[in-house]
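Residue-level listing of the chains:
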Amino acid sequence: MLERSDLADNALQCLHDEDYDRPYNLQNLNAETLIFTRGREGRSLDGEWNFCVDLLDTGLRQKWFSMLPEAAEKRIEPWDYDPYEGETVPVPSCWQMLKEKWYFFEGSAWYTKSVSVDELLPGRRRFLRVGAAQYDCKIFINGTFIGNHYGGSTPFCVEVSDALTPGQNWIMLCVNNTRTLDRVPMRNTDWFNYGGVYREVALYETGATVIRDVFARLDDDGGICVSVAADGPAEEARVRIPELNIDAVITLDDGRGHVVFEALPERWSPDTPKLYDLEVEAGGDRVHDRVGFRTIERRGTELFLNGKPLFLRGISVHEDDETVGKCTSEEDLRRRFADARALGCNFLRLAHYPHHERAAEIADELGFLLWEEVPVYWAIDFANPDTRRDAENQLRELIRRDRNRASVIIWSVGNENPDTDARLEFMRGLVELARDEDPTRLLSAACLVNHAKLKIEDRLAKHIDVIGLNEYYGWYEENFDELISIGQNSDPDRPVVISETGADGDHTDLGPKSGLFSIDYQREVYERQIETLRELSYIKGISPWILYDFRVERRQNVFQRGFNRKGLIAADKKTRKPAFDVLRAFYAEMREKDAAE
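The present account deals with the structure reproduced in this document. (Residues numbered from 1 in each chain as written. Predicted model: local features only at pLDDT ≥ 70, side-chain atom pairs only at ≥ 80, totals over all residues. Heavy atoms only, no water.)

**Focus: the sheet that holds strand 19 (residues 285–291)**
Then comes step 1: Read from one edge of the open sheet, four strands run 16-15-18-19, paired in antiparallel fashion. Looking at which strands have only one partner, the edges of the open sheet turn out to be strand 16 (246–251) and strand 19. Between one strand and the next, the sheet's axes are offset by a mean angle of 20°, whatever the strand orientation.
Then comes step 2: Note: strand 18 (residues 276–282) against strand 19, seven bridges, orientation antiparallel. When the bridges of strand 19 are listed, Leu 278 appears paired with Asp 289. (Pairing = 2+ DSSP bridges. Helix = DSSP H or I, 4+ residues; strand = E, 2+ residues; numbered from the N terminus. Axes fitted to C-alpha atoms, helices over the stretch in contact; angles between N-to-C directions.)

Quick look at the structure:
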C-alpha cells in the first residue's frame, strides 16, 4: 500500500505525521520571483485540468505528486487518487460553483495537467505564472516540488527552465483554501471563502535576461522617471515612449537602474484618461505597457489630482459573481465600470483584497480612480511574524503588479482593525513598506469610530494620508444622531473618505415592505447619510457598501439567505434598488458643483 511505500517514507509514518506540510511551505514564490508580463506573448494553460478534493491532505501525506502514470490494470497497489485520469474541472474556476457538494468545502484540492514542450535552446528560460489561486498553492512538476505561494489574490511566478523537459510533462498544483489563524486574512471574514485556481495560468519563454519589473511615474519636478529591474546578463536597458520622443539608455547596476526624462506629458485624469505606449528592452528581453502620468496629493484636509481639488464620488466593489464566484471576465469587469458610470462615480474601492489586474487596466482606459487594498482584515494575528510576512508579501505583490496604473491613487493597508499596540506596529510597518515601494500614491486604511467618545480617533491616522472611515449609522448603529455628534466632535487634520456605509435591502418577493431589510429602508438610510455627510468639510469622498449584492457564509437570516444584500444592484447585476437613484442624484449634484468651481 502507498502508506508503506518508499514514496511515503515507510512504516505508515504518513498516517501519523502532522508536520507533513512543513517541507512544502517554503513560501519561496513571492514578490521577488515575479516577472513583468505586460506585452509578453504567453502560452495559456487554461482549460481542463484533472481534479480531486483532498479534505485530509492525503495527497501530501502519500506524496501523490511522485506517482508515475500507470495503467490501472498493471498496478500492484490500489491508488486513492489517480492524478492522470478521472474528473476534470476548468481553470480558471472556483470549485464551489462547480458542484453543490463542494460548496462549503475548505481544504486542499489537486490540479494536474499534461504539458508538452520542445527542447529549450541554450540561453533561453521558461517561467510559469499563476494569476491567483486561493490560498496556498504548491507546485510540483514531474514529481518534484518546486515551491509554494501564500496569498489568495496576487499573481506569482516560478522559473521552470530546468523542471520542464522535452516532451510530455506533468504539472500538479495543490491548492488549499483553509482559513487559519496565521494567514491574511484569518478565519473570520465577511466575504465568501472561494477555493481554486480562479485566474489565468500561463507559460512564458524569455532569453537569458528577463525583465522583472518596470515602474514609470512622474518625479517631484514633473519629469518622467522610469525604473527597471532585470535578471540575467544585461548592463543597460533601453526605454522608449515614442509619442513623447523619449528614447534613452539606462545603465544597470546589479540589474537595476533608473532614468529621469524632461518631458511634458498630458496628464491622465477621469475626464482625459490619456495613456502612452512604454517600451523597455534589456539583454534582448522586451516588454510593453500603456501608462498614464498624473499627480495625487493631500494638503491638509484637501485632495488634489493634478493640482486640482478632488472629491471622490465612489462605490465599493467585491470580486464576486452569482454564477462563477470569484472568477471574472472582460465582460463582467466592463459591466462593473458601466454601472459605476451610470451611478456618477469617478472612484471605486476594490475591497477587500487585490482584484483582477485587468480591473486597473480598464480603469486606466475609461478614467476611474481606484483604491486597492490587501486583506489585513479585522483581528488578524498582529503579533505573529508569519502573519506579518504574509501581509508584507501580498502588499509588495499588489504594488509591483499595479503601480504603473494611473487609475490607482490609494493603497490601503487594512480594514476595521482594533486599535491595539500590536496592530499599530504592524500597520506602521506596512505603511513604511508601501512608501518605500511607491512614494507616489496616498496611503489609507479603513478605520473605526471611537464609539465611546463619538469621535474619529485612531492612532494609525497620523501615519496615513487619507482616513478611511467605515460607519453604518442607521444600520448596525441604530442611533443615527450619533453620526451627527461624530461629525461635530471630530476635527481631523487630513481628509476623510467614508469607505463604507449602507444598509441591506432585499429586493425579492421574500423581502419585507418596510423596516430593516426593506429596499425602502435602505433608501432612507442613504438619504439620511447624504444629508449628514454633505455638511462635513473634511469628508472628501464616499464609497458606500456596495455596488452588487455578494455571497457570504455568515449572512443566513431569512432575508439574506447567504448573501450580503447591501448592494445598490442585486446579485443578478441587473436589478437596481431605489437607493441607487438617491446616490446617483447626489453625485450628479457634486459633479455640477465641481464643474462650477
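The discussion continues.
**A few points about the environment of Ser 543**
Then comes step 1: For Ser 543, the location among the structural elements is in the loop between strand 32 (539–542) and strand 33 (550–551).
Then comes step 2: When the C-alpha positions of Ser 543 and Asp 54 are compared, they lie 40 Å apart, and in sequence the two are 489 residues distant.

**Observations regarding the packing of aromatic side chains**
Then comes step 1: All told, the structure shown has 31 aromatic pairs when counted by the stated rule.
Then comes step 2: Ring centres of Phe 192 and Tyr 194 lie 4.7 Å apart, and the angle between their planes is 45°; this geometry places the pair in the tilted category. Like Tyr 194, Phe 192 is buried.
Then comes step 3: Looking at Arg 299, its charged tip hangs above the ring of Phe 304, at a distance of 3.9 Å from the centre.
Then comes step 4: Looking at Lys 326, its charged tip hangs above the ring of Tyr 353, at a distance of 3.3 Å from the centre. (Phe/Tyr/Trp six-rings, centres within 6.5 Å; stacked < 30°, edge-to-face > 60°. Buried < 20%, exposed > 50% of the residue type's maximum accessible area, 1.4 Å probe, protein only. Lys NZ or Arg CZ within 6 Å of the ring centre and 35° of its normal.)

**A few points about the nonpolar core**
Then comes step 1: One finds Ile 315, Leu 348, Val 376, Met 427 and Leu 583 to be the most contacted residues of the largest nonpolar core, which totals 73 residues.
Then comes step 2: Counting residues in each nonpolar core, the second largest holds 30 residues, with Leu 29, Ile 141, Leu 164 and Val 201 among its members. (Core = buried A, V, L, I, M, F, W, Y, C linked by side-chain atoms within 4.5 Å.)

**Here's the deal with the sheet that holds strand 26 (residues 408–415)**
Then comes step 1: Taken in spatial order, the eight strands line up as 23-24-25-26-27-30-31-32 and close into a barrel, and their pairing is parallel. Across the sheet, the axes of successive neighbouring strands diverge by a mean angle of 30°, strand direction being ignored.
Then comes step 2: Here four bridges tie strand 26 to strand 27 (residues 442–447), and the two strands are oriented parallel to one another. Within strand 27, the position partnered with Trp 411 by the bridge is Leu 443.

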